[in-house]
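Here's the letter readout for the chains.
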Amino acid sequence: MLKYILRRLVTAPLVIFLLLVITFTMVRVAPGSPFSSEKATPPEIQERQRAFYHLDKSIPVQFIYYLGNVVRGDLGPSLKYKDLTVNEIISRHWLPSFVLGTTAMALALVMGMTAGILAGLKPNSRWDYSSMTISMVGITLPAFVTGPLLVVVFSLKLGWFRVSGWDANGFSKDIVLPAITLSLPYAARIARLMRAGLLEVVNQDYIRTARAKGLREHVVVLRHALKGALLPVVSFLGPAVAFIITGSLVVETIFQVPGLGRQFTQSALNRDYGLTQGLVVFVGTLLVVLNLVVDVAYGFLDPRIRYD
Amino acid sequence: MSESAPVVLEVRDLKTYFRTDDGADVKAVDGASFYVRAGEVLGIVGESGSGKSVANLSVLRLLPEPPAHHPSGEIFFQRNPTQRLELLRAPLSTVRKLRGREMAMIFQDPMTSLNPFLKVSRQLTEVLEEHEGTGPEESRARALELLSAVGIPAPERRIDQYPHQFSGGMRQRVMIAMALMCEPTLLVADEPTTALDVTISAQILDLLRRIHGERKTAIVLITHDLGVIAGMAHRVAVMYAGKVIETAPVRELFKKPLHPYAQGLLASIPRLDATRREELKPIGGSPPDLRAVPSGCAFHPRCPHRFEPCDKKVPPLLEVEPGHYAACFLHPQDKPPYRGPEEEKK
Amino acid sequence: MARSSRLIAGGAVLALLSASLFAYCARAGEKPKPFPKVEILYNTLESHRAIAEALAQMWKDELHVNVGLANTEWKVYLDKMRDLDYQIARAGWVFDYNDPHNIFECWQTGNGNNRTGWSNKKYDELIEKATLVRDNAERWKVYQDAERLAVDEAPILPIYIYVNKNMLSQKVKGWYDNVLNTHPYDAIWIEEDGKVAPPDRQKLNFNNGAEPQTLDPAIMSGVPESRIAIALYEGLTRYDPKDLHPIPGVAESWEISEDGKTYTFHLRPDARWSNGDPVTASDFVYSWLRVIDPTQLPQPAEYAQVFDWIEGAKPVIHGDVKTCDPTRIGLDARDARTLVVRLAAPCPFFLNLCAHSTYYPVHRATVERHGQKWTRPENIVGNGPFILKQWELSAKIVFGPSPTYWGHERVKLHEITFFPIDSQDTALNKFLAGECDWLDDVPIARADEVKKNPCFRASPFLTIYFYRFNCTKPPFDDPRVRRAFSMAVDKKTICSKVERFGEIPLKGVCPPCGNPPYKGVPGLPYDPEGARKLLREAGYEVP
Ligand SMILES: Nc1ncnc2c1ncn2[C@@H]1O[C@H](COP(=O)(O)OP(=O)(O)OP(=O)(O)O)[C@@H](O)[C@H]1O
Ligand code: SF4
Ligand SMILES: [Mg+2]
């Protein structure tokens, strides 16, 4: 196992490097310039701007220059936010996304697993139908519908929460509505995966064996069924966690959470090469690490899987 | 094996139907009766789909209800000399307490019947912990004892492994050890060797024989293999389309099968040899559709001796010869009907 | 030699004549051709699409022209405009200062904002001539002549003048509707129960709509940045909050020479930086040279060309002169409190420019000590009525009054919070929940709800919505076609049906602005019949 982790950690930089090569080239060949705006900037000045960001050099030269900085941990300047470096932008935006994402994921796990287990244990019961209908709604209702709905009810009508805002000092009740909005589709997915996993596992021979041993039903479920039923949820969680903690554009926009999610889209729209590349490196690293975590968790859950 | 030993399990007129989505019932077991005495081995044979497994899963109430339901039937289990329980109508919690403790079951496929996510130790000890509240150390000692009793080498090491680290035969040994953890009075072995290759299967049968010899557990042995029956069972019940159509002491049946289906079964075996394993050669024609069982004698579409009454009336199970029952119109119909072990005793 | 050249010239003239004659004959004998399919280019937003669809419908109905729509992403759209890779494209123009020149100069030949390929020598000359006229009423006449040319040749299709769509809490006072939608915070106060609210409740929450790209006035260019800049800095002049005419800022008075090319500013004795240092004439010289000389700023200034007017600056800004010799730039700090500025041409609106963010001063020592990091809350030094207290990225920026500001007594607001909310929906909800006191825009989708709200304030905004014709390619290289397309558009319908906030149809190319208000020329009429006639004249078949 240790060897496997080490090997994966060695290949990780390669993956990120490839990712970076692709992003680096893509942003530069994509049409549109970071310096164009509604009002024309004289070509000489645009030329100066290109020179300032080394965009006047050939792409390979730029890349080598950039890579040198990345290796030293410097993701370079942002082309849009002129007072800030990419390092600063990422370091000042990742925490809200992370806090919101982990909270939402925890919420999604609690809601999703409870609903999924209850539904999976009594398939085709009234409970099953209602929780699966709710989860279907959860999957299909996009955040841009649920979010504003929650705002209208809980902020405008009841006045329990602020419409938007984020307390920089950490946890506050500002997190409630965005976390719920963000968690709903995930909770719904988890509930369905959990239910399907349980239904699959419950029909396995070894569950019949467990019952034939006279174990009480909750022992059968918790000890014998749950681990196997969790596997699909765990493989979903890997990318989902990476996704959720790097921020959601929609939820962060609705609730104005100062997170990374919006930076991603905005940087692409602004042709902010530096920021886009920096985010790709950051999120790429996170993805690689989380995938590794999922693999390790898988091995932990399922003794049949061996890494060597 | 004495005729006077107490009856551990008696199944009377058991019907187990499965409700399907279109409302029709699959009549997997349709009025089967059999019993087994303490220390006795009852063999149940019959071709695939005849209801052997369903009947025995019904005994342990392991079938999900719905879709399974029981339009009729009684299942009596003698817990101890004074307590006799009817299982089919008993609360599931009562039945659950018997499972694993007083009646244990071994399944056909050892590859899938053990939980791949749990260590063998866990799967063994939990039986004792559940039923007797035994502490972990004692349970583990008992598990080790049984692992070596079923012939697992180096049990100290093997006990902390996962099922996938065991071969098929070894897994079946683990299953047997697991079934024996609480010293049950009844052991149901549902085709315990079908999934194993010849030599391994012989070893497992030897093990079962040895266990039976040492512990005198009552065993219901379900199998396709008449050789197994010949070498191990005291009495046989032959099932066809959810019914027991012939039952007799092993010798009687092999000597003189009365039902044309049983005759067919035996004819398909070239030699009676306990060490040779022979698959049942299917008799001409195909097994009945359990959603629409043929009228009268369910075997009539395939029966070479079929005659006038066969497709109109259901032949009752009658004691054609002493202790030898069959359900077929070929035999005199004035014989006493099957009444279960109590009647037989008279 | 002379003879042969004359011969060549004569030949050329003859050739030209015969060629045009030929072309004329060919056209006269030609059958009318069907009008080619045209495509409207617009970008991203739903509201742009609605207008493009309305136009397409009008052109289909009135001119029987087949019109397609092409939606592109913002940056791609900008490229296509710049490269003249379109046929008809939507456009907008937000005025930088309150003077017609700001829009008229756009249509000069080769102006970076022209983007139509239209070129008219007469027009170019008129715009140049206008910069020499010092009396505004006289200058307006020149612009009217120019506007007539532009209307006639129709390189653009003017559509409407925007309205400001402000939502303003009724407790906010000292805030006046104006055409630049600029609102100096030193004039604003909070009122409660008809009285000035106590200091601890003198708080203004405002949605600025975006995170500022920079707080360095030299390189800033957008509206959100300038809204912050007027709190942090002050130019030589500033805008009167009601009618926007330039009033004394750091300069308490000034003289303008007879030829309009030399401005002598007298700085206030009590003008101070937020660290207590006096604001001096050489601060302005330093700050302005910082923009003019490309080698001085760490980053190029996008708006550097607003300094083109300063004597000697233009060649430096545009790279014609590689090294900047400060003595050759028309800036002279005569003493700490006297700044003399010499202009290359008498810029009639120079005092307006002095209130523009690019003309704001920066604190030399701070800039030189901290480099790029000088705008951080812990470093920044400004000379405006407010100081930066807190900057939470993507969450809020908080200002408090500057105790060293010369007009400190006048300032009543105790705290200003800027939100960078880019979702208009969220912003409106925040306003409705009382978490925000002022929005400078509202979601169009919620027009009906908004218009019923007593806090909603619509007023004309010095920003125009128009379409560009690509004058370099057929069919829009023919002015008759452009005119026909313009005359087939019913702007009133677009204003009342598509945009619904009281937008004003724009007739000529310039909206009323400046002081005294510039009055534009009538513009092309809405005349579908005339439009069809024009298209037929241009050689196209119109059923
Ligand atoms: N849950 C169920 N729903 C519907 N039909 C079922 C169900 N379980 C079993 N059956 C049907 O009941 C019949 C009897 O099955 P059973 O497993 O008892 O046969 P068997 O005699 O054990 O056969 P084999 O030798 O193949 O194990 C089969 O036709 C099977 O298809
Ligand atoms: S009853 Fe008739 S059909 Fe059935 S087995 Fe006997 S002879 Fe054959
Ligand atoms: Mg079976």
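Before reading on, note that the structure itself is shown above.
Overview of the structure. Only a predicted model underlies this, so the values are computations on that prediction, with no experimental measurement involved.

Some remarks on the interface of chain C and chain A
Interface size, as often reported, equals the accessible area lost upon joining of the parts.
Now for step 1: On the side of chain A, 46 residues touch chain C, which itself brings 54 residues to the contact.
Now for step 2: Roughly 4,200 Å² is buried in total at the junction of chain C and chain A, and carbon and sulfur atoms are behind 48% of that figure.
Now for step 3: Looking at the side of chain C facing chain A, the largest losses of area belong to C:K75, C:Q213 and C:L393, adding up to 16% of the total buried there.
Now for step 4: Linking chain C with chain A are 4 salt bridges.
Now for step 5: C:E302 is paired through a salt bridge with A:K82; the nearest N and O atoms lie 3.4 Å apart.
Now for step 6: Broken down by secondary-structure element, the contributors of at least two residues to the side of chain C that touches chain A are α3 (74–82), β3 (88–94), α9 (313–317), β15 (386–392) and α12 (424–432) of chain C.
Now for step 7: Considering every element that reaches the side of chain C that touches chain A, the biggest residue donor is α3(C), with 5 residues.
Now for step 8: Residue classes in the side of chain C that touches chain A are distributed as 24 nonpolar, 15 polar and 15 charged.

With respect to the site of ligand 2
Now for step 1: Surrounding ligand 2, one finds B:H259, B:P260, B:C297, B:F299, B:H300, B:C303, B:H305, B:C310, B:C328, B:F329 and B:L330.
Now for step 2: Along the lines of polarity and charge, the residues of the shell around ligand 2 split into 8 nonpolar, 3 polar and no charged.

Some remarks on the site of ligand 1
Residues and elements named next belong to chain B.
Now for step 1: Every one of the 14 residues lining ligand 1 counts as a neighbour, but S48, G49, S53, V54 and H224 are closest to it.
Now for step 2: Within the backbone of S50, one N or O atom sits 3.2 Å away from an oxygen atom of ligand 1.
Now for step 3: Protein chains bury 65% of the 630 Å² of accessible surface belonging to ligand 1 in isolation.
Now for step 4: Counting residues per element, the ones that place at least two in the shell around ligand 1 are β2 (25–37) and α1 (52–59).
Now for step 5: Top element by residues in the shell around ligand 1 is α1. It accounts for 3 residues.
Now for step 6: Considered class by class, the residues forming the shell around ligand 1 number 5 nonpolar, 6 polar and 3 charged.

Some words on the pairing of β2(B)
Residue and element names in this part refer to chain B.
Now for step 1: When you tally the buried positions in β2, you get 11 out of 13 residues, the bulk of the element.
Now for step 2: Direction of pairing for strand β1 (residues 7–19) relative to β2: antiparallel, over a ladder of 10 bridges. From the neighbouring strand, T16 faces β2, where its bridge partner is V29.
Now for step 3: Count of turn residues in the β1/β2 antiparallel hairpin: 5 residues, of which G23 carries a positive phi of about 95°.

Here we look at a nonpolar patch on the surface
All names here are of chain A.
Now for step 1: Taken together, the side chains of V137, L141, F144, V145, L249 and V250 present a nonpolar region at the surface, about 440 Å² in accessible area.
Now for step 2: Mapped onto the nonpolar patch, the elements with two or more residues apiece are α6 (143–157) and α10 (249–255).
Now for step 3: Judged by relative accessible area, which is 31%, V250 ranks as partly exposed.

Comments concerning the interface of chain B and chain A
Now for step 1: Between chain B and chain A, the contact holds 26 residues from the first and 20 residues from the second.
Now for step 2: Roughly 2,200 Å² is buried in total at the junction of chain B and chain A, and carbon and sulfur atoms are behind 59% of that figure.
Now for step 3: Contact with chain A buries surface across chain B, with B:F117, B:E126 and B:E130 losing the most and accounting together for 30% of the total.
Now for step 4: Counting across the chain B and chain A interface gives 3 salt bridges.
Now for step 5: Across the pair B:E126 and A:R223 runs a salt bridge, and its minimum N-O distance is 2.5 Å.
Now for step 6: Taken together, chain B and chain A are joined by 13 residue pairs in polar contact (both at pLDDT 80 or more).
Now for step 7: Taken together, the elements giving at least two residues each to the side of chain B that touches chain A come down to α3 (110–113), α4 (120–132) and α7 (168–180) of chain B.

As for the packing of aromatic side chains
All names here are of chain C.
Now for step 1: Here the structure, examined in full by the defined rule, presents 52 aromatic pairs over all chains.
Now for step 2: Ring geometry for F456 and F501: centres 5.6 Å apart, planes at 55°, overall tilted. Of this pair, F456 sits in strand β19 (residues 456–469) while F501 sits in the loop between α15 (491–498) and β20 (504–505), and the two are 45 residues apart along the sequence. Here F456 matches F501 in class, with each residue buried.
Now for step 3: A centroid spacing of 5.2 Å and a plane angle of 25° characterise the contact between F469 and F476, whose relative ring orientation is stacked.

Structural notes on the environment of C:Y176
All names here are of chain C.
Now for step 1: Locating Y176 in the fold gives a position in the loop between β5 (172–173) and β6 (189–192).
Now for step 2: C-alpha of Y176 to C-alpha of L126: the two residues are 50 residues apart in sequence and 35 Å apart in space.
Now for step 3: Filtering out sequence-adjacent residues up to four positions away, Y176 remains in contact with H183, P241 and K242.

Notes on the arrangement of the chains
Now for step 1: Of all 2 pairs of chains sharing an interface, the pair with the highest contact count is chains A and C.
Now for step 2: Chain C makes no contact with chain B, the minimum C-alpha separation between the two being 47 Å.

What counts, and where the lines are drawn
Residues take numbers from 1 onward in each chain, read along the sequence in its written order. Naming scheme: in the order in which they are written, chains are lettered from A and ligands are numbered from 1. This being a predicted model, a pLDDT of at least 70 is required before a residue's local features are given, and a value of 80 or more before pairs of side-chain atoms are given or counted; all residues contribute to the totals for chains, interfaces and linings. For side-chain calculations, the full set of non-hydrogen atoms in the structure is used, while hydrogens and water are omitted. Any pair of residues with heavy atoms lying within 4.5 Å of one another is described as a contacting pair. Buried area: the accessible surface (1.4 Å probe) lost by two parts on joining, summed over both. Here a salt bridge means any side-chain nitrogen of Lys or Arg lying within 4 Å of a carboxyl oxygen belonging to Asp or Glu. Segments assigned H or I by DSSP are reported as helices when at least four residues long, segments assigned E as strands when at least two residues long, and all are numbered from the N terminus. For this classification, Asp, Glu, Lys and Arg are treated as charged, while Ala, Val, Leu, Ile, Met, Phe, Trp, Tyr, Cys and Pro are nonpolar and the rest, including Gly, are polar. Residues are labelled near a given molecule or strand when at least one of their non-hydrogen atoms is within 4 Å of it. In protein, a polar contact means a hydrogen-donor-capable atom and an acceptor-capable atom, both N or O and within 3.5 Å, with residues adjacent in sequence counting only if both atoms are side-chain atoms; elsewhere, any N or O pair within 3.5 Å suffices. For every accessible area listed, the method is Shrake-Rupley and the probe measures 1.4 Å; residues are considered covered only by the protein chains on display. Accessible area is worked out with a 1.4 Å probe on protein chains only. A residue is then buried under 20% of its type maximum, exposed over 50%, and partly exposed in between. We treat two strands as partners when DSSP finds at least two bridges between them. Only residues whose relative accessible area exceeds 30% and that form no salt bridge are eligible for patches; like-charged ones are grouped when within 9 Å, while nonpolar side chains (Val, Leu, Ile, Met, Phe, Trp, Tyr) are grouped when within 5 Å. Each aromatic pair joins two rings of Phe, Tyr and Trp (for Trp, the six-membered one) with centres within 6.5 Å, and gets the label stacked for planes under 30 degrees apart, edge-to-face for over 60, and tilted for any other angle.

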